[in-house]
Amino acid sequence: MNQRSTYLILVAVLLAAVAVWALRPAPPAVKPDELRPGAPRPLIDPAPGEITAMEIAPQGRPAIAFAKADGKWTITAPIQAPGSAATIESAVSRLRDLKYVSEIGANDADRPGNELTGLDQPVRVKLTDAAGKAYVLRVGGSVPAARQTYVQKEEGPTIYVVDTDLRRELEKPLNDYRDRRVADLVTTEAVAVEVSGEQRYRLKLDKDQWKFDEPASGRADKQAVENLLRELSTLSITTFVDDQPKNMAIYGLDRPSATVTVHCEKKVPKPAPATQTTQPVAPEIETKPYTVSVVFGAKTGDKRFGRMAESDRPWVFQVPDASVARIVPELLTLRDKRIVSGDATRADRVQMSGVGGEYALVRKGAAWEISSPALAKLGSNVAELAAVDDLLKAVRDLKATGFESSDDPLRDFGFSPPRARISVTVDGAKTELVVGKETPSATGTYVRNEGEGFVAVVKKEDLAALLVGPLNFANRDMLRFDRGRASVVELQRDSGRVKLTSAAGQWTCAEPLKRSADASAIGNLLTDLCTLRARRIVGSADQLAEFGLDRAAVVASITVDPPPPPPKPAPTTQPTTAPATQPVVEEPPPPTGKPEHYAIRAARKDDKVYVHVEGSQTIGEVDARVFDNLSAELLDRRVVPMEQTQVTALSLTRGSGAPFTFEKSGEQWKLVGETTFPCDASKINEVVGAMCALRLDRFVHYQPTDLKRFGLDQPVLRVKVRGESGEHELLIAAAGPPEDSTGKRYAALAGSGSVFLISKDDAAKFDQEIQAFQRPS
């Protein structure tokens with residue numbers, strides 16, 4: 001046989017072997033529990049269907065029986081009570097799915113006796129499925145040193161060892177299986193609530209709004225009522241006290257502190273008709289009413305006794321008193337405190353009378369128009385949109401702090417005649433409010449909603465936003481100009497008159513001092529004034545004295561140059577001659593028109609700032625920032641126009657004492673008259689630096705004045721610096737303005753006559769004795 005034949009025979013043998021293996025019969029199926037010896041096996045086999053009843057009968061105790069209907073578990077013995085679905089289902093599942101790890105026959109030699117298994121005094125368990133088939137187990141004691149239990153089926157003597165510790169679970173007391181929810185209540189199905197006892201009121205759901213109909217009609221706060229219902233639906237029993245009470249008085253339930261009854265309506269589909277049509281038909285819905293009623297009695301500690309009102313649920317329990325307080329709140333807590341129920345910001349018409357006359361506001365597209373004789377002289381009937389928004393928000397947000405009975409004819413709320421009457425129309429529905437007099441404490445005001453008939457008390461400050469006159473709706477724009485074209489600013493203040501001018505964008509003081517201006521301060525002032533807008537309009541031009549503007553603290557005059565003419569158009573044809581060697585520079589054309597002049601008066605009164613622009617008809621309240629910037633120092637606040645490196649001498653005088661002077665030579669300082677004095681150059685440089693960096697707070701007087709008025713004829717400190725450009729001497733007084741609480745001090749430069757203020761901290765930098773400049777040894 002040649003080699004090729006041998007290879008062919010080997011291949012044929014291999015193919016035959018593969019065919020035999022592929023066509024072998026399949027091995028018999030092995031059940032999972034048979035894969036290993038001692039594997040747990042189901043105790044109830046085949047597995048039962050849905051369990052609908054269970055009975056647990058411990059030795060020496062009444063049996064506890066349960067039944068399931070419509071998905072709910074009920075305890076049927078020894079009492080009739082709702083069961084805890086989670087607890088009962090857990091027990092049912094555990095028993096139904098029991099597995100055993102070993103079984104002991106009746107004749108097995110190693111069969112344990114009753115003293116070990118406890119099966120002579122078992123817990124008898126009966127499970128019944130939906131078909132009525134019963135499964136009865138006798139549960140004995142625990143297997144020693146193992147989490148296992150001895151169990152027998154009622155139909156035979158075999159003992160099974162199951163792989164869980166059952167006995168303790170099955171000996172739970174009755175109350176562990178009870179549903180601890182007080183009320184089986186679906187809050188969205190509630191349509192009425194009645195509360196009696198210490199509190200007494202009744203609520204009904206009208207469409208989507210809860211309303212009172214006892215003791216008086218009125219709107220209820222929807223969120224507050226829903227909170228009450230939610231609290232009741234989740235109320236949980238902490239302790240079951242007595243299942244068969246004989247004497248309700250010992251629990252305070254004979255005269256309950258509160259009874260809460262909730263009437264509900266459940267929407268359920270009607271049963272389908274016996275004969276079905278070929279076309280699908282939407283099911284009909286029927287309403288099934290049901291009632292939940294809980295009675296609360298006496299309080300003990302932080303708990304309160306309670307019971308259900310139904311006679312078939314007589315047991316007494318305890319619940320947290322804090323929860324009961326939330327279920328039975330005071331009537332005012334449940335009242336809707338909004339004076340107007342709708343959204344007033346959607347109004348299209350407002351009418352007001354009694355505050356500065358009568359006026360009407362009417363929405364016109366995105367704008368509002370106002371009709372009022374008081375505003376006729378302003379020449380415009382367009383209402384300030386922000387003012388209308390403020391008014392409507394005030395109406396929407398107006399809330400009561402309390403309610404008064406309107407049934408007593410002897411009570412005078414000040415409605416005849418009223419202080420004011422306001423009506424708001426939204427989508428054609430008008431709500432009218434009548435404003436009466438203040439409460440006896442003068443902290444509130446009586447308001448009546450004419451449509452709903454209730455009398456409320458509202459805070460005075462909340463009502464103030466409603467009681468606004470027609471002038472409040474005038475345009476709040478006080479002044480507007482191009483700040484880039486402002487050329488002159490004049491201010492008349494307590495410190496005197498100052499005039500600043502602008503040239504090529506640089507501001508300088510023209511009068512009474514020749515001095516550069518503080519660019520930041522003048523920028524802040526112009527930013528405020530070029531778009532000056534009031535928070536609100538408070539008065540007319542004939543009321544200047546009422547707002548302190550007849551003698552204004554600040555009078556500002558602004559000159560604004562006219563705009564430049566438009567640039568000349570570029571030539572359309574090119575020149576025929578050659579260009580000149582030097583371009584011709586054309587002077588800019590002069591401005592067209594005349595300069596504009598504005599005068600603004602500003603005053604602070606009762607912590608508010610008021611402004612009037614000359615020629616306007618209104619007075620506005622503005623931000624305090626406007627007054628601060630008008631009062632700020634506009635001049636360059638640098639006191640000494642000298643750099644620290646330029647100073648060659650420093651002299652200090654304290655009070656009437658002799659001055660001491662330091663002179664600089666190179667980088668060293670020497671005390672004049674005492675060359676051996678060890679000068680501390682760093683200390684001297686600090687004072688020189690403080691002098692050169694000193695910034696005044698503000699001028700008190702620009703013009704030369706009597707220094708004696710400010711205690712500067714005999715200053716407590718004199719500081720003099722000298723350099724190549726000259727010398728400057730600072731005079732510092734002992735005090736500042738009496739009304740200033742920050743410790744500012746009067747100061748002046750010798751020879752100038754102008755008086756200004758410096759800070760307390762800056763003054764302290766110069767109050768040094770000569771020893772402070774001595775170098776430590």
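About the cut-offs
- Residues numbered from 1 in each chain as written.
- Predicted model: local features only at pLDDT ≥ 70, side-chain atom pairs only at ≥ 80, totals over all residues.
- Heavy atoms only, no water.
- Helix = DSSP H or I, 4+ residues; strand = E, 2+ residues; numbered from the N terminus.
- Expected span 1.5 Å × (residues − 1).
- Buried < 20%, exposed > 50% of the residue type's maximum accessible area, 1.4 Å probe, protein only.
- Polar contact = N/O pair within 3.5 Å; in protein donor to acceptor, adjacent residues only side chain to side chain.
- Phe/Tyr/Trp six-rings, centres within 6.5 Å; stacked < 30°, edge-to-face > 60°.
- Lys NZ or Arg CZ within 6 Å of the ring centre and 35° of its normal.
- Salt bridge = Lys/Arg side-chain N within 4 Å of Asp/Glu carboxyl O.
- Pairing = 2+ DSSP bridges.
- Axes fitted to C-alpha atoms, helices over the stretch in contact; angles between N-to-C directions.
- Contact = heavy atoms within 4.5 Å.
- Core = buried A, V, L, I, M, F, W, Y, C linked by side-chain atoms within 4.5 Å.

Asker: How would you sum up helix α5 (residues 222-233)? Please name residues and give values.
Answerer: Taking 1.5 Å per residue as the helical rise, α5 with its 12 residues ought to reach 16 Å, and the 16 Å between its terminal C-alpha atoms agrees with that figure. Burial in α5 covers these residues: A224, V225, L228, L229, E231, L232 and S233. The N-terminus of α5 is capped by D221, whose side-chain oxygen sits 3.0 Å from the backbone nitrogen of Q223.

Asker: Which residues make up the packing of aromatic side chains, and what values do they have?
Answerer: We describe a pair of aromatic rings using the distance from one ring centre to the other and the angle between the two ring planes. Tallying each qualifying case throughout the model produces 17 aromatic pairs. Between the aromatic rings of Y201 and F212, the centroid separation amounts to 6.0 Å while the plane-to-plane angle is 80°, which identifies the pairing as edge-to-face. Pair noted here: Y201 is in strand β12 (residues 201-206) and F212 is in strand β13 (residues 209-214), with a separation of 11 residues, a long-range link. For F212, a relative accessible area of 4% gives the class buried. For the ring pair F413 and Y446, a centre distance of 4.9 Å and an interplane angle of 70° mean the geometry is edge-to-face. Separated by 33 residues along the polypeptide, F413 in the loop between β23 (402-404) and β24 (420-426) and Y446 in strand β26 (residues 444-449) bring together distant segments of the chain. Given a relative accessible area of 7%, F413 falls into the buried group. Each residue in the set F660, F662, F677 and F773 is aromatic and connected to the rest through ring pairs, giving one cluster. It is R178 that lies over the ring of F240; its NZ or CZ is 3.8 Å from the centre.

Asker: I'd love a proper account of the pattern of salt bridges, names of residues and values included.
Answerer: Inspection of the entire model under this criterion finds 56 salt bridges. A salt bridge links R202 to D213, with the nearest nitrogen and oxygen atoms 3.0 Å apart. One end of the pair, R202, is in strand β12; the other, D213, is in strand β13, and 11 residues separate them in sequence. Using a relative accessible area of 29% as the deciding quantity, one classes D213 as partly exposed. K211 serves as the salt-bridge partner of D206, at 3.3 Å between the closest nitrogen and oxygen.

Asker: I'd like a description of the sheet that holds strand β25 (residues 429-438), backed by residues and values.
Answerer: With antiparallel pairing, the eight strands of this open sheet are ordered in space as β22-β21-β20-β24-β25-β26-β27-β23. At either end of the open sheet lies a strand with only one pairing partner, and these are β22 (367-371) and β23. Each adjacent strand pair in this sheet contributes to an overall mean axis angle of 25°, direction not counted. As paired elements, β25 and β26 share four bridges and run antiparallel to each other. For V434, the partnering residue across the bridge sits in β26 and is R448.

Asker: A description of the side chain of S372 should follow, citing residues and the corresponding values.
Answerer: With respect to the helices and strands, the residue S372 is situated in the loop between β22 and α8 (385-397). Under the relative-accessibility criterion, S372 is labelled buried at 12%. The contact partners of S372, leaving out residues within four places of it in the chain, are E358, Y359 and P470.

Asker: Run through helix α12 (residues 681-693), naming residues and quoting values.
Answerer: Here α12 spans 18 Å end to end across 13 residues, near enough to the 18 Å set by a 1.5 Å rise per residue. Among the residues making up α12, those that are buried are I684, V687, V688, G689, A690, M691 and C692. Tucked inside the fold, the buried residues of α12 contact β39 (647-654), β40 (660-665), β41 (668-671), β43 (717-723), β44 (726-732) and α13 (760-766).

Asker: Kindly report on the nonpolar core, identifying the contributing residues and their values.
Answerer: One recurring pattern in soluble globular proteins: nonpolar side chains tend to sit buried together. Among the nonpolar cores identified, the biggest contains 108 residues, and L361, F473, F481, L730 and F766 are the most heavily contacted of them. In this structure, I64, L98, L127 and V162 belong to the second largest nonpolar core, which totals 64 residues.

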